[in-house]
Amino acid sequence: MDSGGSEVILSIKDVCKSFPGVKALDKVSIDVKRAMVHGIVGENGAGKSTLMKILSGVYEKDSGTVVFDGQQIEHTTPQQSMQRGLAIIYQELNLVNTMSVGENVLLGRFREMKGMRGTHAKARELLDRIGSKIGTTRLVSELSVSEKQMVEIAKALSFESKLIIMDEPSSSLTAEEMCELVKIIQQLKDQGISIIYISHKLDEIFEFCDNVSVMRDGRVIDTKPKSEFTRNELIMQMVGREIENEYPERPQRVGEVLMEVRSINTRKLHDVSFSLHKGEILGFVGLVGAGRTEIVRALFGADRVRGHQVLIEGKPTPILNPRDAIGAGFGFIPEDRKLQGLVLPFSVESNISMASFRKFTRLGFLRKSIEKEIGTRQVKALSVKTPSTKVPVVNLSGGNQQKCIVGRWLEISPSILIMDEPTKGIDVGAKYEIYMLMKDIAERGGAIILISSELPEVLNMSNRVLTVFEGRITGEFDPKVTSADKIMSAALGFDGECS
Ligand SMILES: Nc1ncnc2c1ncn2[C@@H]1O[C@H](COP(=O)(O)OP(=O)(O)OP(=O)(O)O)[C@@H](O)[C@H]1O
Ligand SMILES: [Mg+2]
């Protein structure tokens, strides 16, 4: 039986790892087979990324054994594990932005490549192997996230990798880019390479993984062929309880107009006007780059835009910067939490209370006890997994960092909450909790603007959706009665229809 495809490339046995106050991994054992895609799923903070960082030599395990390609691995470094044929593509990509594609693919191996010409030639060959057409002289800072991922994969191939770990590679990809990635994964498999694929998107797990391991609280709950899991069973094993519906019912009572936005014009946006009602969740649907983020950034005063008008409850309300916006009752959960949201070395509680400055600067200085109170409240409401609210937010898992941003804005009970990809990297159980909190804001008379590249999320949560294509609003739909296909065509620029 044990030949070809079923041979084990990586054997993890009884691996443990603790951080102060957290047992991140508790006797984890997983076997990964050659030329197979091994999916790993689990709640935020379950230990997935920690395990991968141990495999790639970023962290040292406390105990247990790791055998890779027949060799027991001890005290390894990221460089050594790359050279041994184990590559990792991180949740947050890891390239040098100021260098070219070619230089990144072969980083540190300039001499081995005999100079620049050799470097670019080799990079071209590797990119061709995955069918990518990215020019090797382009600067990495100019690439899209998916192109950056291709560069990471080419880099992995340059070391003759036998196993490539992908930690939530799809969280920033568009649907089309995802199709590309699936093709590449198939090609890598055909070349005999194994993949460990971590994702919160269960559709992906069911689409192309061969085997799946479920982790919870630092333990492996189950590993088996994908075909032996049902979706419900997988969810139940992940969150430890049954979840009947992935979405709650949408808000029921949409009231009068809360805000009117007239004529946002920028280089990218053309005459964007719309209204938002009390008690409403308004979804924006469009491709990445269509202008959805620009619309909400303009609205929030995050980008300098002039000439448009915002009326809140009929009153003209000029918003020139985010402070004005917060004063007018806005909250904003940005798309890129690392760039626009979190201060990584600061504690969980100071990150969460950061927008609530009005609550504790009343006496002219920060009131530490209020900060703590706010932090504790939101950590509880969102089940943020952390040993304490004093821990620097950088120590939290990706999904738990995202929850801190969500908590920051829920705390100020905004009357208009803008959410740009709010559930990116968040597990199924916690997503449901966030949907309930959104609904709560709407039911208390607030309103939400929701941007999400996960179509089912926008369609199931919104009372109304607007499609955005090339900087214009191309349609308005009631998702309860309109097919997803019809909405998508408007978002793709085919005759949008206004209802
Ligand atoms: N450097 C660190 N210092 C302290 N604690 C850490 C550190 N890295 C991870 N942890 C903790 O270890 C646990 C597991 O985190 P990990 O990042 O592995 O989760 P994950 O399964 O990848 O979650 P997500 O789906 O949110 O990415 C979490 O409780 C996290 O807070
Ligand atoms: Mg992670």
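It should be emphasised that the depicted structure is a prediction, and the values quoted were computed from it without experimental measurement.

Caption draft 1: Looking closely at the sheet that holds strand 14 (residues 309-312). If you trace the 4 strands from one edge of the open sheet to the other, you get 12-11-14-15, paired in antiparallel fashion. Each of the sheet's edge strands pairs with one partner strand only, and the pair in question is strand 12 (272-277) and strand 15 (315-316). Pairing of strand 14 with strand 15, which is carried by 2 bridges, proceeds in the antiparallel orientation. When the sheet's bridge partners are listed, Ile312 is paired in strand 15 with Lys315.

Caption draft 2: Just the packing of helix 14 (residues 368-381) against helix 15 (residues 398-411), in detail. Following both chains from N to C, one finds helix 14 and helix 15 inclined at 115°, their axes separated by 9 Å at the closest point. For the element pair helix 14 and helix 15, the recorded crossing hand is right-handed. In contact with Ile374, Gln378 and Ala381 of helix 14, helix 15 contributes Gly407, Leu410 and Glu411. Looking at the contact of helix 14 with helix 15 residue by residue, the classes come out as 3 nonpolar, 2 polar and 1 charged.

Caption draft 3: A look at helix 14. Look at helix 14: 20 Å from first C-alpha to last across 14 residues, which is about the 20 Å you get at 1.5 Å a residue. Within two residues after helix 14, Ser383 carries a phi angle of roughly 45°, on the positive side.

Caption draft 4: The sheet that holds strand 8 (residues 194-198), seen in detail. Strand order in the open sheet formed by 6 strands is 6-7-8-3-9-10, with mixed pairing between adjacent strands. This sheet does not close on itself; its edge strands, each paired only once, are strand 6 (86-89) and strand 10 (219-225). In this sheet, adjacent strand axes meet at a mean angle of 15° when their direction is disregarded. Sheet strands in contact with helix 1 (residues 48-55) are strand 3 (37-42), strand 6, strand 7 (163-167), strand 8 and strand 9 (211-216), and its direction is about 150° off that of strand 7. Docked against the sheet, helix 5 (residues 145-158) engages strand 6 and strand 7, running at close to 170° with respect to strand 6.

Caption draft 5: Local environment of the nonpolar core. Residues Ile295, Ile418, Ile448 and Leu450 are the most contacted members of the largest nonpolar core, which totals 65 residues. If sequence neighbours within four positions are ignored, Leu450 has contacts with Ile281, Leu282, Gly283, Met419, Val458, Met461 and Ser462. By size, the runner-up hydrophobic cluster in this structure holds 61 residues, among which are Ile9, Leu86, Met166 and Ile193.

Caption draft 6: Spotlight on the environment of Gly39. Position of Gly39 relative to the elements: it lies in strand 3. Aside from chain neighbours lying at most four places away, what touches Gly39 is Tyr197, Ile205, Cys209, Val212 and Lys226.

Caption draft 7: Structural detail: the site of ligand 1. Of all residues adjacent to ligand 1, which total 19 residues, the nearest are Asn44, Ser49, Thr50, Ser397 and Gly399. Those elements that provide at least two residues to the shell around ligand 1 are strand 2 (22-33), helix 1 and helix 15. A breakdown of the residues in the shell around ligand 1 according to their chemical character gives 5 nonpolar, 12 polar and 2 charged.

Caption draft 8: A look at helix 18 (residues 484-491). Buried within helix 18 are the following residues: Ile487, Ala490 and Ala491. Down the axis, helix 18 shows its buried residues gathered within 105° of arc, on one side only. Of the residues trailing helix 18, Gly493 is marked for its positive phi of about 95°.

Caption draft 9: View of the domain arrangement of the protein. For the protein, the domain assignment lists domain 1 (4-239) and domain 2 (257-491). With centres defined by C-alpha atoms, the gap from domain 1 to domain 2 works out at 31 Å. Counting residues at the interface gives 17 residues for domain 1, matched by 19 residues for domain 2. The element that contributes the greatest number of residues to the side of domain 1 that touches domain 2 is helix 8 (residues 231-239), accounting for 3 residues. Per-class residue counts for the side of domain 1 that touches domain 2 are 6 nonpolar, 8 polar and 3 charged.

Caption draft 10: Structural view of unusual backbone geometry. Look at Asp69: it is not a glycine, yet its phi comes out positive at around 50°. The topology assignment puts Asp69 in the loop between strand 4 (63-68) and strand 5 (71-72). Not every positive phi belongs to a glycine, and Glu470 is a case in point at roughly 45°. Within the secondary structure layout, Glu470 lies in the loop between strand 19 (464-469) and strand 20 (472-477).

Caption draft 11: Highlighting the pairing of strand 16 (residues 330-333). Burial along strand 16 is two-sided: Phe330 and Phe332 and Gly331 and Ile333, pointing in opposite directions, are all buried. As paired elements, strand 16 and strand 17 (residues 416-420) share 4 bridges and run parallel to each other. Bridging from a neighbouring strand, Gly331 pairs with Leu417 of strand 17.

Rules of the game
- Residues numbered from 1 in each chain as written.
- Chains lettered and ligands numbered in written order.
- Predicted model: local features only at pLDDT ≥ 70, side-chain atom pairs only at ≥ 80, totals over all residues.
- Pairing = 2+ DSSP bridges.
- Helix = DSSP H or I, 4+ residues; strand = E, 2+ residues; numbered from the N terminus.
- Axes fitted to C-alpha atoms, helices over the stretch in contact; angles between N-to-C directions.
- Left-handed = near helix turned anticlockwise from the far one by under 90°.
- Contact = placed C-beta atoms within 7 Å.
- Nonpolar A, V, L, I, M, F, W, Y, C, P; charged D, E, K, R; others polar.
- Expected span 1.5 Å × (residues − 1).
- Core = buried A, V, L, I, M, F, W, Y, C linked by C-beta atoms within 7 Å.
- Buried ≥ 20, exposed ≤ 12 C-beta atoms within 10 Å, placed from the backbone.
- Near = placed C-beta within 6 Å.
- Arc of directions from axis to C-beta.
- Domains from an automatic or database assignment.

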